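Okay, here's what each chain looks like letter by letter:
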Amino acid sequence: MGMNHQWVLAARPQGPAKESDFQWKEAPMPSASEGQVLVRSVYLSLDPTQRIWMNEADSYLPALALGAVMRGGVIGKVEESRHAGFAEGDLVQGLLGWQQYAVAPGPALTKLPKLPVPVTAFLGLFGHIGLTAYFGLLDIGKPQPGDTLVVSTAAGAVGSLVGQIGKIQGCRVVGLAGSEAKCRWIKDELGFDAAINYKVENVRKALEHRCPEGIDVYFDNVGGEILETVLDRINLRARISVCGMISQYNAGKQPMPGPRNLANLIMKRARMEGFLCTDYLNRAEEAFAALLGWFVEGKLKYRVDVVEGLENAPRALAKLFNGSNTGKLIVQVGPE
């Protein structure tokens, strides 16, 4: 039957996750029982939230046990089906983990629709990335024509889509990114009005210059000092959509102090709200139809950063935290 290669969680990270926090294992090839599907992994999604899942404490999902297969979203091909809703050869998506093969019950899988897009689009444009960008901006940020929208990690998977959707909604969009190449990408190719390289510029002064009339909507992926800086420039009735706080994920049990100026939310009668894309699963078709329409019209672009080989997944995860990836970070586990 062959062997199934896996990465399992070997230790709780102290600070950034290291390759030694994982263990490479070989396990017997699984087989599907009644109601189950055997899936061969093709693409593994790497996301900042995976660092949260490695902690001892529960998050919005139960903590991952030591020795368990590392959790992760996967696009794969059905190799064996004992569920009436799936057939051999179907492309499916699910939380199948860092492994070459996985068995899952039918309800835990989503069959990918047949669309005229690359398979990687279901990670870089649709799926959880698309839902996060679409609803996080439109439902929580509620952008209006003429608003100034600021997006952190603007060259990342979610941020790059948020900025483009903001432009479609008629906003003036300013993105924060970590290199000159990323700043050029979001301005020259994605149509952002301005970009700030937060690694070399004084963000406070840069926001004063690029947002002279203040900030109406902020899409936050980082928290920490940048969130505090933005709060000083928010306008009356501003909306802040809290997607992530990646600056805090490696802080361990002593997280960095939060913003000291949350009182600005009162003074400006502003709203700040966190969310998960799973809150909107019942409206997924609405988002995907809009995203596909904008993509076909040429109004929306996405980029994937593909790392070859499951064996490289732990090293690739670090790219999300050192800023070396652009767009959606993916590991190609096997051939399409």
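Bear in mind that the values here come from a model prediction, so they are computed numbers and not experimental data.

1. Section: the pattern of salt bridges
Next up, step 1: The final tally for this structure, using the stated rule, is 17 salt bridges.
Next up, step 2: If you follow the salt bridges from partner to partner, you end up with Asp139, Arg283 and Glu286 in one network.

2. What about the sheet that holds strand S10 (residues 194-197)?
Note: strands within a sheet are paired through backbone hydrogen bonds, in either parallel or antiparallel orientation.
Next up, step 1: Across the sheet, six strands lie side by side as S10-S9-S8-S11-S12-S13; this open sheet has parallel pairing. Edge positions in the sheet fall to S10 and strand S13 (271-274), since each of these pairs with one other strand and no more. Going from strand to strand, the sheet's axes swing by 15° on average, the running direction of each strand aside.
Next up, step 2: Note that strand S8 (residues 148-151) and strand S11 (residues 215-220) share three bridges and pair parallel. Bridged to Leu149 within S11 is Val217.
Next up, step 3: Against the sheet, helix H4 (residues 157-168) engages S8, strand S9 (172-177) and S11, with an angle of about 170° to S8.
Next up, step 4: The strands that helix H6 (residues 203-210) touches are S8, S9, S10 and S11; relative to S10, the one it contacts most, it runs at about 170°.

3. Section: the packing of aromatic side chains
Next up, step 1: The tally for this structure, following the rule as stated, stands at 11 aromatic pairs.
Next up, step 2: Considering the side-chain rings of Phe22 and Trp98, the 5.1 Å spacing of their centres and the 15° angle between planes classify their relative orientation as stacked. Linking Phe22 in strand S2 (residues 22-28) with Trp98 in the loop between strand S5 (91-94) and strand S6 (101-105), this pair joins segments that are 76 residues apart in sequence. With respect to burial, Phe22 and Trp98 carry one shared label: buried.
Next up, step 3: Judged by centre distance (4.5 Å) and plane angle (5°), the rings of Phe135 and Tyr280 are stacked. Of this pair, Phe135 sits in helix H3 (residues 127-141) while Tyr280 sits in the loop between S13 and helix H9 (284-296); the two residues are 145 residues apart in sequence, bridging distant segments of the chain. Across the pair, Tyr280 and Phe135 agree in class, each one buried.
Next up, step 4: Members of the aromatic cluster, joined through ring pairs, are Trp7, Phe22, Trp24 and Trp98.
Next up, step 5: The residue whose ring lies beneath Arg71 is Trp53, and the NZ or CZ to ring-centre distance is 5.3 Å.

4. Looking at H9
Next up, step 1: Between its first and last C-alpha atoms H9 spans 18 Å; for 13 residues at 1.5 Å apiece the expected length is 18 Å, and the two agree.
Next up, step 2: Residues of H9 that are buried make contact with H3 and H4.

5. Things to note about the state of the cysteines
Next up, step 1: Throughout the structure, instances matching the rule amount to zero disulfides.
Next up, step 2: As a non-bridged cysteine, Cys171 has Cys211 as the owner of its nearest cysteine sulfur, 12 Å distant.
Next up, step 3: Overall, the relative accessible area of 2% leaves Cys171 in the buried class.

6. Here's the deal with helix H7 (residues 224-231)
Next up, step 1: Among the eight residues in H7, seven count as buried, and that is most of the element.
Next up, step 2: Buried within H7 are the following residues: Gly224, Ile226, Leu227, Glu228, Thr229, Val230 and Leu231.
Next up, step 3: Buried residues along H7 sit in contact with S9, H6, S11, strand S12 (234-242), helix H8 (264-267) and S13.

7. Looking at the environment of Arg315
Next up, step 1: Tracing the sequence through the fold places Arg315 in helix H10 (residues 313-317).
Next up, step 2: A relative accessible area of 45% places Arg315 in the partly exposed class.
Next up, step 3: For the pair formed by Arg315 and Glu34, sequence separation is 281 residues and the distance between their alpha carbons is 37 Å.

8. Topic: the nonpolar core
Next up, step 1: Counting 50 residues, the largest nonpolar core has Leu137, Leu149, Val162, Ile165 and Ile186 as the members making the most contacts within it.
Next up, step 2: Here this core gets eight residues from one element, more than from any other, and that element is H3.
Next up, step 3: In this view, Leu137 contacts Thr132, Lys142, Pro143, Leu149, Val162, Ile165, Gly166, Val217 and Phe219; residues no more than four positions away in its chain are not counted.
Next up, step 4: Core analysis: the next-biggest nonpolar cluster, separate from the first, contains 28 residues, Val92, Ala316, Leu320 and Leu329 among them.

Rules used throughout
- Residues numbered from 1 in each chain as written.
- Predicted model: local features only at pLDDT ≥ 70, side-chain atom pairs only at ≥ 80, totals over all residues.
- Heavy atoms only, no water.
- Salt bridge = Lys/Arg side-chain N within 4 Å of Asp/Glu carboxyl O.
- Pairing = 2+ DSSP bridges.
- Helix = DSSP H or I, 4+ residues; strand = E, 2+ residues; numbered from the N terminus.
- Axes fitted to C-alpha atoms, helices over the stretch in contact; angles between N-to-C directions.
- Contact = heavy atoms within 4.5 Å.
- Phe/Tyr/Trp six-rings, centres within 6.5 Å; stacked < 30°, edge-to-face > 60°.
- Buried < 20%, exposed > 50% of the residue type's maximum accessible area, 1.4 Å probe, protein only.
- Lys NZ or Arg CZ within 6 Å of the ring centre and 35° of its normal.
- Expected span 1.5 Å × (residues − 1).
- Disulfide = S-S within 2.5 Å.
- Core = buried A, V, L, I, M, F, W, Y, C linked by side-chain atoms within 4.5 Å.

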